[in-house]
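Tertiary structure, described
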Amino acid sequence: MTAPGSSDRLRGKTVIVTGGTRGIGEAIARGIATAGGQVALCGRDAKAGERIAEEIGAASRYLPLDVGAASGWDGIVPLVERQLGPVTGLVNNAGLGISGNLSRMTDDDVMRMIAVNQLGVWHGMRAAGAAMRANGGGSIVNIGSAAATRAHPGIVAYAGTKAAVVGMSLAAAAELAPHRIRVNVIHPGYFGTRLLDESSRGHGRTMGATATPLGRVAEPEEIVGAAVFLLSDESGFVTGTQIAVDGGLTM
Ligand SMILES: NC(=O)c1ccc[n+]([C@@H]2O[C@H](COP(=O)([O-])OP(=O)(O)OC[C@H]3O[C@@H](n4cnc5c(N)ncnc54)[C@H](O)[C@@H]3O)[C@@H](O)[C@H]2O)c1
C-alpha cells in the first residue's frame, strides 16, 4: 500500500470519469493523473475533452459518451481497456442541474435530469461493474449532492435524482462487495462551476457562501482529495459510505 500524499497512490489504476470535461469532473480527472493513475474522460464536449486529455498526456484519453444512453456504454469499457488498461475505477460525475419550483418545472426537464443523474449512474455501475468483476475488483465513486439530504426550495426534481444516487450506491455496495468492488458517494456542497451558475441564474456563489459555515463556495480542486482516497487502496475497507465535501453545509 502506498502512503497518503504519495504521487503513486493510483499507480496501476485505470479510471473512467464521466463528464470529465469541466468543473468537478475535470478536477478529478487531473487529480487522478497527478496521483499516477490512467484516466478516461468520457463526456459530450469533444473539444474540451481532447484538450484536457492532451494536457494530461499519455495517461489519458477523451472518449465521447452520453451517460444517459445505454448504447453509449456498451462499447466504452472495452475501448478504455484497449487504450489504457483494465478498468479498476469509475467516477460517475456527469450531472445536470435544472432548478425550478414544482409548479414551473416541465416534465421534460425532470426526465432529462433523471436520464443523466440517475440512469447515467445506473448504466455506469452496470458496465464498469462487470469489467471490475472480471478484473478482480475496483472502486466506484458516485457524485451525489448536499441536495440529497438538505432541504432547499426549487430543486425537488434534482434532489430526487441525487437521493436516488444514494439508494443505488448503498444497494450496489452490498451487491458488489463479494466481488471486491467498493461503492461510495461524495456529496459536494456549493462548488464554483457552471452548473452552480446556470442552475441559480448567477446567484449561486453568493447564496452558497452565505449558507456554508466555512463562508465560501469551493473550488473544483477541493474534491480531489476525497475522490483519490476513495479510488485508492488506502480506502480498501471503505464501502457504502457517504463523504460530504461541503464546508459544513449539512453538518
Ligand atoms: N457545482 C456544485 O455546486 C455541485 C453541488 C452538488 C453536486 N454537484 C454535482 O457534481 C457533478 C459535477 O457537476 P459540476 O458542478 O462540475 O457541473 P458542470 O456543469 O461544470 O459539469 C457537468 C459535466 O457533466 C457533463 N454532462 C452533462 N450531461 C452529460 C451526459 N448526458 N453525458 C455525459 N456528460 C454529461 C457536462 O458536459 C459537464 O462536463 C454533478 O453530478 C453535479 O450534480 C455539483
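Please refer to the structure higher up on the page.
Presented here is an overview of the structure given in this document. (Residues numbered from 1 in each chain as written. Predicted model: local features only at pLDDT ≥ 70, side-chain atom pairs only at ≥ 80, totals over all residues.)

1. Quick look at the overall build of the chain
Using the following cut-off: Helix and strand assignments come from DSSP, with helices taken as H or I runs of at least 4 residues and strands as E runs of at least 2, each series counted from the N terminus. For the radius of gyration, the atom set is restricted to C-alpha positions; the globular benchmark scales as 2.2 Å times the number of residues to the power 0.38. Three classes are used. A residue is buried when 20 or more other C-beta atoms lie within 10 Å of its own, exposed when 12 or fewer do, and partly exposed in between, with C-beta atoms placed from the backbone. We call two residues in contact when their backbone-placed C-beta atoms lie within 7 Å.
From N to C terminus, the chain includes 8 helices and 7 strands. On C-alpha atoms alone, the chain measures out to a radius of gyration of 17 Å, which is about the 18 Å that the 2.2 N^0.38 rule sets for 251 residues. In terms of principal-axis extent, the alpha carbons of the chain reach across some 45 × 40 × 40 Å. Looking at the chain as a whole, 49% of its 251 residues qualify as buried. When contacts within the chain are restricted to residue pairs at least 6 apart in sequence, those whose partners lie at least 24 apart make up 69%.

2. A word on the packing of helix H1 (residues 23-34) against helix H8 (residues 224-231)
Formally: Fitted lines through C-alpha atoms give the axes, limited to the stretch in contact for helices. The angle between two N-to-C directions lies from 0 to 180 degrees. Roughly parallel here means an angle under 35 degrees, roughly antiparallel means over 145, roughly perpendicular means 65 to 115, and every remaining angle is called oblique. A clockwise turn of the near helix away from the far one marks a right-handed crossing, whereas an anticlockwise turn of less than a right angle marks a left-handed crossing. All amino acids are sorted into three groups, where Ala, Val, Leu, Ile, Met, Phe, Trp, Tyr, Cys and Pro are nonpolar, Asp, Glu, Lys and Arg are charged, and the leftover types, Gly among them, are polar.
Contact geometry for H1 and H8: axes closest at 9 Å, N-to-C directions at 55°. If you check the angle between H1 and H8, you find them oblique. H8 is crossed by H1, and the crossing has right-handed handedness. Together, Ala27, Ile28, Gly31 and Ile32 of H1 and Val224, Ala227, Val228 and Leu231 of H8 make up the contact between the two elements. Of the residues in the contact of H1 with H8, the class split is 7 nonpolar, 1 polar and no charged.

3. Description of the site of the ligand
Just so we agree on the cut-off: Being near a molecule or strand means, for a residue, that its backbone-placed C-beta atom lies within 6 Å of it.
Residues in contact with the ligand amount to 30 residues; listed here are only the nearest, Gly19, Gly23, Gly95, Thr193 and Leu195. Every element with two or more residues in the shell around the ligand is listed here: H1 and helix H6 (194-199). In the shell around the ligand, the residues fall into 13 nonpolar, 12 polar and 5 charged.

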